[in-house]
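Listed below, chain by chain, are the residues.
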Amino acid sequence: MLKIAVIGAGPAGLTAAYELARRGHEVEVFEASPQVGGMARSFELWETRVDLGPHRFFSGDARVNALWHDLVGKDFKMVDRMTRIFHGGEFFDYPLRPMNALARLGLLESARCMISYAGQTVANRLHSGKKESFEDWVVAAFGRRLFEMFFKDYSEKLWGIPCDELDVDFAAQRIQRFSLGRAVLSALGLEKAIHKTLVHRFPHPLEGAGIVYERMAARIREHGGVIHLNRPISGLGKDGRSLQQTDGSCSSYDHIVSTMPLTALCRTLPDLPDGLLGTLDRLDYRNTILVYLKVDHPDLFPDQWLYIQSPEVRLGRVTNFRNWPNGQTTPGGHSILALEYWDNADGDLWNSPDEALVRLAGEEIRRIGLLRGAEIKDTAVVRVPKCYPVYRKGYRVWLDEIVSHLRAHHPHLSLIGRYGAFKYNNQDHSILMGILAAENISGEANHDLWDVNTDYQSYQEGGVRKPS
Ligand SMILES: Cc1cc2nc3c(=O)[nH]c(=O)nc-3n(C[C@H](O)[C@H](O)[C@H](O)COP(=O)(O)OP(=O)(O)OC[C@H]3O[C@@H](n4cnc5c(N)ncnc54)[C@H](O)[C@@H]3O)c2cc1C
């Protein structure tokens, strides 16, 4: 039996802890916040359980699905996905559908998009070189005109850097590889197979995404595991096998699983070479601010969430909990909206007081016409630090330098999770990393955790690369 510490009680940390505890290992989880679930937590707001923005669960991996369904049981509903892009005062279906786009853009603009796409298709044939930036990848896939209309402004709001400085990994992981040609055929009914990324239904727990992790925490305790809440870890002890808590205490373990930000943990490695400190400084994260509004209207718009592409507002995405199983029962016919803004730690929005953020959110949502004249009855602000690892061009090289050091010198340390492994994970990727880490630690497998594949297409098809 091994003694294992897990830093962080989000999906990755809890899954690792659960899988280890049920195999009989002695597990202790240290969570900085007062609650389990991490970024996928749910919380009570205005008599409704809400999530941190949208939390659609989807996995092509049988193990991840089995665990999720085992925990949720019958307490979920299938949701018919409706998520549109708001651009230039119009709603466009997302994923993009040619017939819908044609109707919204009009004949002239649609023709320009088709010409740009056709020109790009020819250019792709002539220059089939490797795409290095997000911009290169999207332009090659959709043509420049569609890139500028539907990808550029949203992505720049999200990441805070120009699209040509954003690594191609982001596109490969998050944007479906379907061609406009196939989409046209499918819209005309000439192509039968539905592309996997167009899956339109997903299950969502009646009590919100976070119930999965609350139930997982209960299971960990049933198996003798201990979860300490409000216990932030400041880093590793001098031997690299112990944990330093912020109250100064230190205890040793056979293995440590960390899901806290990779940069913060690695800065405390006892043997970190000087050169790697500079490398760590180059890896940065983007923060999210969620402004929740309680609106006096039961039926503002039918989408679970909307992408706000429009460059005239800083608002990036709006979730309408009325259209999720956990938000349908908000009392008094109110709707709860969550408005998302993204910023750097030293940015003006991140450093604004809540009142200023609420003012901005109220003004912008009215400006783009989504409130339909309804009144805002109450507001709340939630800040989520470091939630997007920034895939700046070159980040892979910097990350690889750190990974090489960890591989060579720290076999008793597993770094997993979204900010834990600096990987743009969804819940399912973090759950999968937790499962695989537990198998490694228990000696059942030798997965390369740095190689868990979050490529959109592969993961949809259940692809975890097996260790060679
Ligand atoms: C706005 C938003 C929308 C999202 N939408 C979706 C979606 O639609 N579908 C989807 O699947 N996923 C979505 N995600 C992503 C999903 O929430 C994450 O992939 C998932 O929560 C990552 O799990 P994790 O365990 O890797 O990290 P986290 O959930 O971040 O958990 C890490 C935990 O570590 C704790 N911690 C940090 N530092 C320390 C420390 N020093 N000591 C102790 N504990 C520490 C944190 O408090 C946290 O609880 C979304 C995320 C956000 C922010």
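A short tour of the structure in this document, coming up.

The rules behind each value
- Residues numbered from 1 in each chain as written.
- Predicted model: local features only at pLDDT ≥ 70, side-chain atom pairs only at ≥ 80, totals over all residues.
- Heavy atoms only, no water.
- Phe/Tyr/Trp six-rings, centres within 6.5 Å; stacked < 30°, edge-to-face > 60°.
- Helix = DSSP H or I, 4+ residues; strand = E, 2+ residues; numbered from the N terminus.
- Buried < 20%, exposed > 50% of the residue type's maximum accessible area, 1.4 Å probe, protein only.
- Near = heavy atom within 4 Å.
- Polar contact = N/O pair within 3.5 Å; in protein donor to acceptor, adjacent residues only side chain to side chain.
- Areas by Shrake-Rupley, 256 points an atom, 1.4 Å probe, with all protein chains shown as cover.
- Nonpolar A, V, L, I, M, F, W, Y, C, P; charged D, E, K, R; others polar.

Counted under the stated rule, the structure contains 21 aromatic pairs. When the ring of Trp-159 is compared with that of Tyr-388, the centres are 5.6 Å apart and the planes differ by 85°; the resulting orientation is edge-to-face. Pair noted here: Trp-159 is in helix α6 (residues 152-159) and Tyr-388 is in strand β18 (residues 376-389), with a separation of 229 residues, a long-range link. Take Tyr-388: its relative accessible area is 6%, and that puts it in the buried class. Measuring from ring centre to ring centre gives 4.3 Å for Tyr-391 and Tyr-395, while their planes differ by 10°; the resulting arrangement is stacked. In this structure Tyr-391 comes out as buried when scored by relative accessible area, which is 1%.

So, on to the site of the ligand. Glu-31, Pro-54, His-55, Arg-56 and Ser-430 are the nearest of the 31 residues found near the ligand. Here an oxygen atom of the ligand sits 2.6 Å away from a polar atom, N or O, in the side chain of Glu-31. The separation between an oxygen atom of the ligand and a polar side-chain atom of His-55 is 2.7 Å. Contact with the protein chains hides 92% of the accessible area of the ligand, taken as 1000 Å² for the molecule alone. Of all the secondary structure elements, the ones that give two or more residues to the shell around the ligand are α1 (11-21) and α14 (427-441). Here the residues of the shell around the ligand sort into 15 nonpolar, 10 polar and 6 charged.

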